[in-house]
Amino acid sequence: MDSETGNGGATDALPPPPPVPEDLVPIKAEPEAKKKVMRVPMARRGLASKGQKAQLLTNHFKVNVSNVDGHFFHYSVALFYEDGRPVDAKGVGRKVIDKVHETYKSELDGKEFAYDGEKSLFTVGALPRNKLEFTVVLDSMNSTRNNGNASPDNDADKKRMRRSYQSKTFKVELSFAAKIPMQSIAQALRGQESENSQEALRVLDIILRQHAAKQGCLLVRQSFFHNDVKNFADVGGGVLGCRGFHSSFRTSQGGLSLNIDVSTTMIIQPGPVVDFLIANQNVKDPYSVDWAKAKRTLKNLRVKNNETNTEYKITGLSEKPCNQQLFSLRQKTKDENGEFETMEVTVYDYFVNYRKMDLRYSGDLPCINVGKPKKPIFLPIEFCTLVSLQRYTKSLNTMQRASLVEKSRQKPQERMRVLSDALTRNDYGTEPLLKSCGISISNSFTQVEGRVLQAPRLKVGNGEDFFPRNGRWNFNNKKLVDPTKIEKWAVANFSARCDIRNLVRDLIKCGNLKGIKIDEPFDVFEESPQNRRAPPVVRVEKMFDFIQSKLPGAPQFLLCLLPERKNSDLYGPWKKKCLAEFGIVTQCIAPMRVNDQYLTNVLLKINAKLGGLNSMLAVEHTPSIPIVSKSPTLILGMDVSHGQPGQSDVPSIAAVVSSRHWPSISRYRASVRTQSPKLEMVDSLFKKVSDTEDEGIMKEVLLDFYVSSAKRKPDQIIIFRDGVSESQFSQVLNVELDQIIEACKFLDDKWCPKFLLIIAQKNHHTKFFQPGSPDNVPPGTVIDNKVCHPRNNDFYMCAHAGMIGTTRPTHYHVLYDEIGFSADDLQELVHSLSYVYQRSTTAISVVAPICYAHLAATQMSQFMKFEDRSETSSSHGGTGVTSAGAVPVPQLPKLQENVCNSMFFC
């Protein structure tokens, strides 16, 4: 062969391949994995037309943009101290960047900045160079604000002054990061959203934030709060509700708009620290304060020293009272080594005898520490005043929440007036950056056309049906559509003060009028007085022992009387005992004013829990609900609820509520699971534990639907998902929906149900008003034009009658629809699902399955009372999981079989 001759060819040739064994089976090449196509929110297919037309106003203000050919330039910001250390202190950034803008105006071509307070800065048009470095000196760092009294005659004072002078010089680096065309806003208005358009709108929102920051506002995302006493309302416990404004730019079918709404946040009561602690702990005087608790509450709050007008952050409290707490005071004399001599004095002695200041009451109280752990700086508590506009981030108790709701509600006309005033006060027309974008904002509310849907016809007992009026109805002279019988039952009374015999007699009488046959209870079990001071779990155990010793067998139902109306510690242990350990349906009440209305409401809940039905839609009975009645349809309501603010270690709770007994859409069950803290996606929809076993929520749901719906699998699955923001839509569409599809495939590989996925949002700032009317928009109002998304399929609905304050519409986003609903049929279905809520005789503001998911999650979270980390010290132990490392999440107990498919959450 040629290759073996000359030129050393043989040395370059590869060796021959090894012989292939005869019995070898070739490995089949894996086909290339198909790249998963990501689902995106669907586009609107058409507008609905049903209902009576109504002209409405909304709190969106039209925005015109004339400079569409301009560009935003994005620069990264890096701040350093003079010695090169990066600046990590919060709040100093704005002062430094303002100083750069003021000092180097000509070098910056007079460009205005939009700065987010952290690492991003934007300009309209480019700065002279892609990388710029500046050095600025801040004249007044906080701790140099000094008046006559505070001569720094001790070491700590002098060091503090020196340190503050050193940190006056800052180095600032601006580096070009990106160029954003303003044209992208116009594209978004045509329905072509992109990263550029989202970024351009973020710049506009940053301009609004900066505008508010320059007015000295507290900023909470896109809400701004002025330091004005007129906006404060005391809600108790040293906490004030502070009224401010939400302000953000939105793209809509009607163009770009500015959405302005009233917003409320919680702040710490400003003023003397002692006054705050007395209010916070609800004590008579400073000598009754629990100082260990006070230390946790005060940590990191900002105070001003009244004597020197200097602002500090609280790092802790002194170990001892002011008149016993010693520190080393440097003397003017020197020792033999030439070092200044020191003398131990008490903080009290120093201020009274050396500084000649009068201390009226803080001698016996701890001092406020505003220094570092190794270099404490102690101030007598009476010199310290809490600075205004400091957010209170712990959760409010029931009384505070009720007070806040009462004090922050506003009638529609008042809200419109307040919003008009806010727009005038903000005076965005003079904002130089908005001017350079060519932005002008209308000062009138946008007009939209709404439609008012007719209330669905309801069916009650004795074949009677009727139309609700103004979103409400009652059961006067009416019977329930499917009443139950209550035969074996008893009453457990945990020290509630009321006439139980009369209560039972009236309940039986009221039940009979509504069609519920109630036998006499077996007995009333009164809690023994010596158990009243025992822990809640023990009280429940003892009550159950007592009941078991007397009853011949398990009761069908237990009525439980609790001593407190809200937040009774007995509620969680009692529900857990009844539902998870014994499988007994129970109803807790804390009767205050017992009348016919009260008893009817209690009976509505009991009837639903025992498997009855109070009312139903007439179209359910026939059955003639478009699409849903034609083919087996499963309706789901999904929600994830999290621990209170400041509790990073409390498991989140996922609840999935599902319809049963198709073609009914009024009967539901719930599956509730714990999951990792703050995880927003439901992670246990499909849980494959082996090739044949799935322990996920969906398997439970699908099997129950099959059994309760005459052995029919659902051909259609309608999912209502609550509590997710627009940034999480993709995860719901591509993670949660995939899990649900996998769960279906796992049960039957050939089964392909069709899906409809709808997000319900209550947490938004769009409101609707009737022009010239003091009333809220009527129940059944729906809006799917003008202020809705330019491309996506969304609509606003006010299904309920807003009796107090201003109605908050629910914003429904239809992300995915394989079933093929028309806009009219879908809006009718959503509207109807607001009328099947069994606990009340009113239309509710969001579809019933979502409401039930909230209730189920809330009730079962009471089974596991976790330590409130924000209120208890770590020495208390507790059953929560810590955030360090992936600690397994404690599981909720399983409900007994005879109650797990009931409406126990009603």
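Here is what the cut-offs are and how they apply
- Residues numbered from 1 in each chain as written.
- Predicted model: local features only at pLDDT ≥ 70, side-chain atom pairs only at ≥ 80, totals over all residues.
- Heavy atoms only, no water.
- Helix = DSSP H or I, 4+ residues; strand = E, 2+ residues; numbered from the N terminus.
- Buried < 20%, exposed > 50% of the residue type's maximum accessible area, 1.4 Å probe, protein only.
- Contact = heavy atoms within 4.5 Å.
- pLDDT = per-residue confidence, 0-100.
- Patch = residues over 30% accessible without salt bridge, like charges linked within 9 Å, V, L, I, M, F, W, Y side chains within 5 Å.
- Areas by Shrake-Rupley, 256 points an atom, 1.4 Å probe, with all protein chains shown as cover.
- Salt bridge = Lys/Arg side-chain N within 4 Å of Asp/Glu carboxyl O.
- Lys, Arg positive; Asp, Glu negative; His and termini not counted.
- Charge placed at Lys NZ, Arg CZ, Asp CG, Glu CD.
- Pairing = 2+ DSSP bridges.
- Polar contact = N/O pair within 3.5 Å; in protein donor to acceptor, adjacent residues only side chain to side chain.
- Expected span 1.5 Å × (residues − 1).
- Arc of directions from axis to C-beta.
- Phe/Tyr/Trp six-rings, centres within 6.5 Å; stacked < 30°, edge-to-face > 60°.

Considering the side chain of Ser197
Secondary-structure assignment places Ser197 in helix H5 (residues 195–214). For Ser197, a relative accessible area of 2% corresponds to the buried category. Ser197 has contacts with Ser184 and Ala188, leaving out every residue within four places of it along the chain.

Brief notes about the confidence of the model for the protein
Per-residue confidence for the protein averages 89 on the pLDDT scale, and 92% of its residues sit at or above 70. Counted against residues more than four places away or in other chains, residues 1–11, with its pLDDT under 50, gives two contacts. In this model, residues 866–885 is a region of pLDDT below 50 whose contacts with residues beyond four sequence positions or in other chains number 39 contacts.

Here's the deal with a positive patch on the surface
Residues Lys90, Lys295, Lys299 and Lys313 make up a contiguous surface patch of positive charge. By the element assignment, Lys90 lies in the loop between strand S2 (71–81) and helix H2 (92–103). On the basis of relative accessibility, which here comes to 81%, the residue Lys90 falls in the exposed class.

Observations regarding the pairing of strand S1 (residues 52–65)
Strand direction decides the pairing type here: S1 and strand S21 (residues 439–452), joined by eleven bridges, are antiparallel. Bridge pairing in S21 links Ala54 to Gly450. Pairing of S1 with strand S36 (residues 768–769) involves two bridges; the strand directions are antiparallel. What sits directly across from Thr58, in S36, is Phe768. Inspection of the sheet shows S1 paired to strand S11 (residues 255–268) by three bridges, in the antiparallel sense. The residue of S11 that forms the bridge with Phe61 is Leu258.

A closer look at the sheet that holds strand S12 (residues 271–272)
Whenever strands of a sheet pair, they do so through backbone hydrogen bonds, lying parallel or antiparallel. Here four strands make up an open sheet; going across it, the order is S12-S20-S13-S14 and the pairing antiparallel. Lying at the two open borders of the sheet, with one neighbouring strand each, are S12 and strand S14 (310–313). In the sheet, strand S13 (residues 302–305) pairs with strand S20 (residues 384–386) via three bridges, with the strands oriented antiparallel. Counterpart to Lys304 in the pairing with S20 is Thr385.

Notes on the environment of Asn227
Here Asn227 is to be found in the loop between strand S8 (223–225) and strand S9 (232–236). The spacing of Asn227 and Asp335 is 108 residues in sequence and 52 Å in space, taken between C-alpha atoms. Within the local environment of Asn227, its side chain forms a polar contact with the side chain of Ser388, the two groups lying 2.9 Å apart.

A few points about helix H17 (residues 697–708)
A rise of 1.5 Å per residue sets the reference length of H17, with its twelve residues, at 16 Å; its end C-alpha atoms lie 17 Å apart and thus fit the reference within 8%. Taken together, the buried positions of H17 are Ile697, Met698, Val701, Leu702, Asp704, Phe705 and Ser708. Seen along its axis, H17 keeps its buried residues to an arc of 165 degrees; they face one direction. Those residues of H17 that are buried are in contact with strand S31 (633–641), strand S32 (652–659), strand S33 (668–675), strand S34 (716–722) and helix H18 (729–747).

Quick notes on unusual backbone geometry
In this chain, Trp662 is followed by Pro663 through a cis amide linkage whose omega measures 15 degrees. Residue placement: Pro663 occurs in the loop between S32 and S33. If you check the backbone angles, Arg221 has positive phi at about 50 degrees while not being a glycine. One can find Arg221 in the loop between strand S7 (218–220) and S8. A positive phi angle, near 65 degrees, is found at Ile627, a position not held by glycine. Relative to the helices and strands, Ile627 resides in the loop between helix H16 (618–621) and S31.

So, the pairing of S21
In this sheet, strand S37 (residues 781–783) lies alongside S21 in antiparallel orientation, the contact comprising two bridges. By the bridge assignment, Val452 is partnered in S37 with Thr781.

So, the packing of aromatic side chains
Within this structure, the stated rule accounts for 23 aromatic pairs. Ring centres of Phe73 and Phe176 lie 6.0 Å apart, and the angle between their planes is 50 degrees; this geometry places the pair in the tilted category. Within this pair, whereas Phe73 is found in strand S2, its partner Phe176 is found in strand S6 (residues 169–181), the two being separated by 103 residues in sequence. We classify Phe176 as partly exposed; its relative accessible area is 34%.

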